[in-house]
Each structure stands twice: as structure tokens, then as C-alpha cells.
Amino acid sequence: MDLGRTHHEDYALIAHLTDTHLFATADGELMDVNTTRSLQCVLDDIRTFPELFDAVVVTGDLVHDETAVGYARLRDMLAVFGIPVFCLAGNHDDAALMRHVLNGGSLSTSPAFTLGQWAFRLLHTPVAGQVAGLLDDVEWASLRTWLAQHTHHHVALALHHHPLPIGSAWLDKLALRNGAQLVEEVARQQHVKLTFWGHVHQSWDQSLNGCRWLSTPSTCAQFKPRAPTFALDAPIPGWRWLRCYHSGQIETGVRSVTP
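Presented here is an overview of the structure given in this document. (Residues numbered from 1 in each chain as written. Predicted model: local features only at pLDDT ≥ 70, side-chain atom pairs only at ≥ 80, totals over all residues. Heavy atoms only, no water.)

### Quick notes on the overall build of the protein chain
Here's step 1: A count of helices and strands for the protein chain gives six helices and 14 strands.
Here's step 2: Computed over C-alpha atoms, the radius of gyration of the protein chain comes to 17 Å, within 12% of the 18 Å expected from 2.2 N^0.38 for 259 residues, which places it in the range of a compact globule.
Here's step 3: For the protein chain, the spread of C-alpha atoms along the three principal axes comes to 45 × 40 × 30 Å.
Here's step 4: Looking at the protein chain residue by residue over its 259 residues, the buried ones come to 58%.
Here's step 5: If you take every contact in the protein chain between residues at least 6 apart in sequence, the share linking residues at least 24 apart comes to 70%.
Here's step 6: Of the roughly 10,500 Å² of accessible surface on the protein chain, a fraction of 52% belongs to carbon and sulfur atoms.
Here's step 7: Taking the average place of the 18 positive charges on the side chains of the protein chain and the average place of its 26 negative ones, the gap between the two points comes to 4 Å. (Helix = DSSP H or I, 4+ residues; strand = E, 2+ residues; numbered from the N terminus. Rg over C-alpha atoms; globule rule 2.2 N^0.38 Å. Buried < 20%, exposed > 50% of the residue type's maximum accessible area, 1.4 Å probe, protein only. Contact = heavy atoms within 4.5 Å. Areas by Shrake-Rupley, 256 points an atom, 1.4 Å probe, with all protein chains shown as cover. Lys, Arg positive; Asp, Glu negative; His and termini not counted. Charge placed at Lys NZ, Arg CZ, Asp CG, Glu CD.)

### Some words on the environment of Ala 148
Here's step 1: Residue placement: Ala 148 occurs in helix 4 (residues 137-149).
Here's step 2: For the pair Ala 148 and Trp 118, spaced 30 residues apart in sequence, the C-alpha separation works out to 14 Å.

### Overview of the environment of Ala 169
Here's step 1: Examined against the element boundaries, Ala 169 turns out to sit in helix 5 (residues 169-172).
Here's step 2: Between the C-alpha atoms of Ala 169 and Phe 230, which are 61 residues apart in sequence, the distance is 8.9 Å.
Here's step 3: Apart from residues no more than four positions distant in its own chain, Ala 169 is found in contact with Ala 227 and Pro 228.

Here it is in C-alpha cells:
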């Protein structure tokens, strides 16, 4: 999907949301956080951002109870932006149901889009019945073909599961199982400049092999960084802005929102 030119002369501006964990009802809570209320706080903050976004990318664990009503509620909340919103599945999603509900209008589950000098590829990593992720053979073949077709773009990869260890023992057991293979592939593909994900409910920022590797806090509950076992951090919702310059440079930041 080609979104055409950006709203800005020198860059594309992306909002990254992840791990919204909505429920069929507006009073649903995850780890004592009302996920509808926290997401609404994040959306309100995005609308106060001083620049116009070109697109929004939402990287999985969208609806915790995997209900059609939950996806419909998410659709209605995201549609208010009036700009393209791209959604991919996490381990807490029903991927088929998500694709059925979150396509139409400004929302899409398309696995790829281009914007100015940038090409974005959304990778499917969930495995049925498991919390950890995997890029299966079909997804690998599709990715390699797509990368070969976009050597004239700067490339950004989005996925749910973290491909790099983040130093939290319990979470790193639930990562992308073939994450090291993805890291090696990116090292070979010099036009891949950015890889970003959710799943870990915390911020991560690392430069490796000419690529920026980022995670973004959840719009609801957060996990304590570098904790050896499951531990919660302060429940401060967050989101990330990404300024992707046509030169290939990247500026980014995380905004935290008081619910």
C-alpha cells in the first residue's frame, strides 16, 4: 500500500502504539489498569502533539479477551485520527477476527505500506497457544522477497515479539524464538534502518548493525525493566513517536501519560 507523500518536507512522522489489551466492556482491567481509560489518555495525548502524523502503527495484543466487540471498540477509538492506522496481531489476539474487524476506512491490517522514502513491513510472529513468538517459513520467505523489492527504500520492520534480549530473564524466555536469525538478516540488509516492537511493556533503544532497535511501553500496564521474574512497574501509559527522515536518519521519543 503506497500512502504517497508525507505531510512533512523532510520526514515521515509515525505514532507507535502497542499492547492496548482492550476488553469487550469499557470497565475491563489488566493488572488493575482500566485499559480503555488508559488508551483514551494516550489517544488524547497524541492529538496534542504539535505535528501532524502520517500514520499510526499498533503492534499487537490489541484485545485481551479476543472478542469481536473488543476489536470493534478499538476500531472506533482509533478511527478518530482520520489518518492510516496499521494493526498487527500479538499473542493475545485472534488474528483472523482482528483482520475481519480492523479493515476498512482508515484502519488496515495490510502487512506493508510505503510512505515517502520509507517502506514499512509488519511481521506476523504469534504462535497459536504460545506466548513466545516465531517467524515461520512462510513469513521468512515473504519478508525476503519483499526486502529484495524495496532496496531503493529505507526499511522499517514492525513486530510484536522482541527479537533482542532485553535483560529481563522471564520476558526473554517469551521473546521471538528465532530473533537472532532476524538480527543476522537485518545485518545483511543494509537498507533496514529501523526495527520496533511491543510485548515487553517497557521502553528499549539500541543501535546495532546500522539499525535502530526499539520497544515501546504499553498503553496500559508496564513491566519492571531488568527484573529476573515477573514484576510490575508504575502503571503509566505510554506511546512512541518516530520521525523517519528521507535521508535514513531517525529521531524518536517516548511520551508517558498520567491516566
